[in-house]
Amino acid sequence: MVLGYPAGYTDEGFTDFESLGAKVWMLTLSVVCELLAFLTIGLVRPWGEVVPRWIPLIGGRVVRPMAAVVPAALGALALTVLWADVARWWTYPHDDMTDTGNLVVGILYQPLLLWGPLLAAVTVSYYRRRASTRSGGIDAE
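Rules used throughout
- Residues numbered from 1 in each chain as written.
- Predicted model: local features only at pLDDT ≥ 70, side-chain atom pairs only at ≥ 80, totals over all residues.
- Heavy atoms only, no water.
- Phe/Tyr/Trp six-rings, centres within 6.5 Å; stacked < 30°, edge-to-face > 60°.
- Buried < 20%, exposed > 50% of the residue type's maximum accessible area, 1.4 Å probe, protein only.
- Patch = residues over 30% accessible without salt bridge, like charges linked within 9 Å, V, L, I, M, F, W, Y side chains within 5 Å.
- Areas by Shrake-Rupley, 256 points an atom, 1.4 Å probe, with all protein chains shown as cover.
- Salt bridge = Lys/Arg side-chain N within 4 Å of Asp/Glu carboxyl O.
- Helix = DSSP H or I, 4+ residues; strand = E, 2+ residues; numbered from the N terminus.
- Contact = heavy atoms within 4.5 Å.

**Focus on the packing of aromatic side chains**
One pass over the structure, following the stated rule, counts 5 aromatic pairs. A ring pair is formed by Y9 and F17, whose centres lie 4.8 Å apart and whose planes are at 55°; its orientation type is tilted. The buried category is assigned to Y9, whose relative accessible area is 19%. Judged by centre distance (6.0 Å) and plane angle (35°), the rings of F14 and F17 are tilted.

Laid out in structure tokens, this is it:
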């Protein structure tokens, strides 16, 4: 859409996305979402437990579990609430979209329903793993 492809919108419905401000907003939102989504990988990779050494000032430090768990849990809650209504995509009018665009976008957005709950599951797993490490559990060896 940033490059001018209407992505299922009618000509009239797409006009709101043609301004420079709208394009900057879409691009910024996409980049921020991807960066935040990438942080989820830290919940399952070693760099979520110890900050990589190449990061200035904090590299090599142990990540406090709550510093990862609290934002991840809040993110999971926010995503669950934000995308909960996607299941009812087709019950809302989308007069600014073509019939095909409405169908395709609705199908493509359905996996977003799982983003919040899956992030919550990974967050709980991270917390349990880190809690057992701190308390001298099996993972502490």
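**Looking at a nonpolar patch on the surface**
Residues W90, L103, V104, I107, L108 and Y109 make up a contiguous nonpolar surface patch of about 580 Å² in total accessible area. Position of I107 among the secondary structure elements: in helix 4 (residues 99-109).

**A look at the side chain of N102**
You can see N102 is positioned in helix 4. If sequence neighbours within four positions are ignored, N102 has contacts with W89, W90, H94 and M97.

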